[in-house]
Amino acid sequence: MEPNLLYSSMEASLLGQAFLNENGEFIYVNQSFCESIGYARDYLLTLNLQSLVILGEEEGYEQTGSFLKKGIKGFQIEKMILHGEGYLQSITFTIDDISPDQSLFLVQLDRLSLPAESEDNSPLLASIRGRDEVRLPKKILDGIKDAIITISLDGQFLYVNDEAERMFDLSWEEIQRLDFWTFLQGDKHELSKRIYPLLAGEEYVEVEYFKENKQTWYDVRAYRADDQVTLYFINITNRKQMEQELRDSELRYKSLVEHTPETISVHDGQKLIYINPAGEKLFRAQGQVELIGKRLSELFLLDDAKRIEEEGRLLLDEKNRVLSSIFTLRCLTGQLLEVEATTTLIHFRGKRAFRTILKNISERKHMDDLIRKSDKLSVVAQLAAGVAHEIRNPLTSIKGFLQLFEREKEYNGKYLSLVMEELARVESIIYEYLTLAKPNHDTRFEQVHLDNLAKQVMTLLETQTIMKNVSVELESENIPSVYGSEKQLKQVLINLIRNALDAVEPKGEIKIRLLKHSENKVCIQVEDNGCGISKERMERLGEPFYSTKEKGTGLGLMVCYKILQHHGGAIKVHSEVGTGTRMDVILPVYEASKLTEKVLQ
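Residues numbered from 1 in each chain as written. Predicted model: local features only at pLDDT ≥ 70, side-chain atom pairs only at ≥ 80, totals over all residues. Heavy atoms only, no water.

Caption draft 1: Quick look at the overall build of the chain. When helices and strands are counted, the chain shows 22 helices and 22 strands. The contacts in the chain between residues at least 6 apart in sequence include a share of 52% that link residues at least 24 apart. Total accessible area on the chain is roughly 34,700 Å²; 50% of this is exposed by carbon and sulfur atoms. (Helix = DSSP H or I, 4+ residues; strand = E, 2+ residues; numbered from the N terminus. Contact = heavy atoms within 4.5 Å. Areas by Shrake-Rupley, 256 points an atom, 1.4 Å probe, with all protein chains shown as cover.)

What follows is the structure in structure tokens.
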């Protein structure tokens, strides 16, 4: 018979069958064999027959394998084994030597199903059930880290493994003198209440048990088979400690969230699913029940609700970890409040959600508006005084020359050129003043490539750099484009390079660098080796009509600050007297700028 056909036939058989070698090791077992004794096929193939058989009082392991003799046919022997589910089972083995040359044995088995009280029980079963001790295979059970106990229904201990002896702090001889049910009567926990139902016929119970003298938690699983009960004590102390630590941590976090003065809310992008007591006050609610489940479009202005959904998509795509915005929320009373919102992605009740911390900035914004109005009035007064002063000087000169021309009835070409210079200066002051007042007037934002823009500015200023004998170098990394007004950004760069030209001596050096600043920002550096600026003067840079140059108005750098503020950028000044100055212009990249513009709108 072909091997494949043989194995197929054995797999289809309802009789448990296995092949063993001369050492009793399993070579092949069919499915019926595995189901009969309760072990997986892969596990059985790592064992031998001796490791399953329960030894008799006078037996040893060497005797267990003595029935695997060459040439035997139809030899039957009855043995007690430990079933995979933890109970004892009597099996009749039928053994045949099917390959004398290779010492290959076929083992077939049947489970004996005799009534527990039947008078026809075999002498072997009667002796096993009447003994004080059943010695289980040490190879399997004593290596297990869980305590295992087998008892009879009258409370007699039939077996304990080494871990069980350690759990009781008793030797096997001492345990034999105890009665399990008497032992349970002193138990103050649920173990006794849950184990007693096994006497009424239940086959399985499970309960957690705390052993006080060892400060140890056990998960106890008890199985009944015929007139025996097997208990497994699984040590779960570490798990209990972790659960307690987790509960303590949750209580601390909950207390922190519940008592913080700031509003902490959780939403799924559509609806509100949690809010703390501070949030109830912010929304003018009488309790959480009035807020939980409400759609964001009900709690915020419609445009703001859409922005919240857009921010949620950015967080889910992991393009940002934290997002901060200003929204207008609608209280349950109908009142509108401006809030500053900081949102992060979290896991809440097993699902991804968004935690948003809200700060009421309505009062703060009102105060800021008052301060801004006061500052504007102060700046307007300062600008008016400065413009009047700056324009009066050239106008005085122009008036004097015109009076001279009127008196002499002729004009001098030299004086006329001076008049034109003074008029140009007046025009320059008025232009810068208007630019400062409305730097963003009639401008359209678009994608701007800084590398091209820097080259254009260098071309525009090439004549001035040659006349002053100053070298200008451009160093550029592969930086992304920005989003803004090319005309305004060109004006910023021209102003900064002109300031550098005024600061350096002939044969000086100016370096323009285009660098990556961070994940979503770029930097334009304009560095010179000129005279530098003192710390006292740096603090006043950007003020109107304050300049470090002899004929400067101070408006150029102020215009730069205004333009960069509108672009969501910033300018940083690094300078040392006698060494030079470096101006860093920080701008957000194209995609980040578009999002910023939407948020500002």
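On we go.
Caption draft 2: Layout of the packing of aromatic side chains. All told, the structure shown has 15 aromatic pairs when counted by the stated rule. When the ring of Y39 is compared with that of Y43, the centres are 5.8 Å apart and the planes differ by 25°; the resulting orientation is stacked. By relative accessible area, which is 13% here, Y39 ends up buried. Taking relative accessible area as the criterion, Y43 reaches 36% and is therefore assigned partly exposed. (Phe/Tyr/Trp six-rings, centres within 6.5 Å; stacked < 30°, edge-to-face > 60°. Buried < 20%, exposed > 50% of the residue type's maximum accessible area, 1.4 Å probe, protein only.)

Caption draft 3: Molecular detail of unusual backbone geometry. The backbone of R349 sits at a positive phi, close to 55°, despite the residue not being glycine. Within the secondary structure, R349 sits in the loop between strand 14 (336–348) and strand 15 (351–360).

Caption draft 4: Structural context of the sheet that holds strand 20 (residues 521–528). Read across the sheet, five strands follow the order 17-19-20-22-21 without closing on themselves; strand pairing throughout is mixed. In the strand order of this sheet, the two ends are held by strand 17 (471–476) and strand 21 (570–576), each with one partner. Each adjacent strand pair in this sheet contributes to an overall mean axis angle of 15°, direction not counted. Summarising the sheet, strand 21 and strand 22 (residues 580–588) pair through seven bridges and their orientation is antiparallel. In the sheet register, V573 faces strand 22, and the bridge partner there is M583. Helix 17 (residues 450–460) rests against strand 17, strand 19 (509–518) and strand 20 of the sheet, and its axis sits at about 175° to strand 17. Taken strand by strand, helix 19 (residues 486–503) contacts strand 19, strand 20, strand 21 and strand 22, and its axis lies near 25° from that of strand 20. (Pairing = 2+ DSSP bridges. Axes fitted to C-alpha atoms, helices over the stretch in contact; angles between N-to-C directions.)

Caption draft 5: Structural context of the pairing of strand 13 (residues 322–330). Here nine bridges tie strand 13 to strand 14, and the two strands are oriented antiparallel to one another. Across the sheet, V322 pairs through a bridge with T344, a residue of strand 14. With antiparallel pairing between neighbouring strands as the criterion, strand 13 and strand 14 make up a hairpin whose turn holds five residues, including G334 at a positive phi of roughly 95°.

Caption draft 6: Expanded view of the packing of helix 17 against helix 19. In the contact formed by helix 17 and helix 19, the axes pass within 10 Å of each other and the chain directions differ by 50°. By the angle class used here, helix 17 and helix 19 are oblique. For the pair helix 17 and helix 19, the sense of crossing is right-handed. Contact residues: helix 17 offers L453, A454, Q456, V457 and L460, while helix 19 offers E486, L489, K490, L493, I494 and I497. Looking at the contact of helix 17 with helix 19 residue by residue, the classes come out as eight nonpolar, one polar and two charged. (Parallel < 35°, antiparallel > 145°, perpendicular 65-115°, else oblique. Left-handed = near helix turned anticlockwise from the far one by under 90°. Nonpolar A, V, L, I, M, F, W, Y, C, P; charged D, E, K, R; others polar.)

Caption draft 7: Structural context of the sheet that holds strand 14. Reading across from one edge, 12-11-15-14-13 is the order of the five strands in this open sheet, with antiparallel pairing throughout. On the outer flanks of this sheet lie strand 12 (272–275) and strand 13, each paired with one strand and no other. Strand after strand, the sheet turns through a mean of 30° between neighbouring axes, direction not considered. Direction of pairing for strand 11 (residues 263–267) relative to strand 12: antiparallel, over a ladder of three bridges. Each bridged residue has a counterpart across the sheet, and for S265 the counterpart in strand 12 is I275.

Caption draft 8: Quick peek at helix 17. All buried positions along helix 17 are accounted for by L450, L453, A454 and V457. Mapping the buried residues of helix 17 onto a view down its axis gives an arc of 100°, with all of them on the same face. Considering only its buried residues, helix 17 is in contact with strand 16 (446–448), strand 17, strand 18 (482–484), helix 19, strand 19 and strand 20. (Arc of directions from axis to C-beta.)

Caption draft 9: The arrangement of the nonpolar core in detail. Residues L493, L496, I497 and L587 are the most contacted members of the largest nonpolar core, which totals 36 residues. For this core, the secondary-structure elements that each account for two or more residues are helix 17, helix 19, strand 19, strand 20, helix 21 (555–566) and strand 22. In terms of residue count, the dominant contributor to this core is helix 19 (eight residues). Ignoring sequence-local partners within four residues, the contact set of I497 consists of V457, L461, I510, I512 and V526. In this structure, F67, M80, L88 and V107 belong to the second largest nonpolar core, which totals 28 residues. (Core = buried A, V, L, I, M, F, W, Y, C linked by side-chain atoms within 4.5 Å.)

Caption draft 10: Inspection of the environment of Y415 at higher detail. Mapped onto the elements of the fold, Y415 is located in helix 16 (residues 413–437). Of the residues examined, Y415 reaches a relative accessible area of 30% and is grouped as partly exposed. Considered as a pair, Y415 and F401 are 14 residues apart in the sequence and their alpha carbons are 6.8 Å apart. When sequence neighbours within four positions are dropped, the list of residues in contact with Y415 reads F401, L404 and F405.

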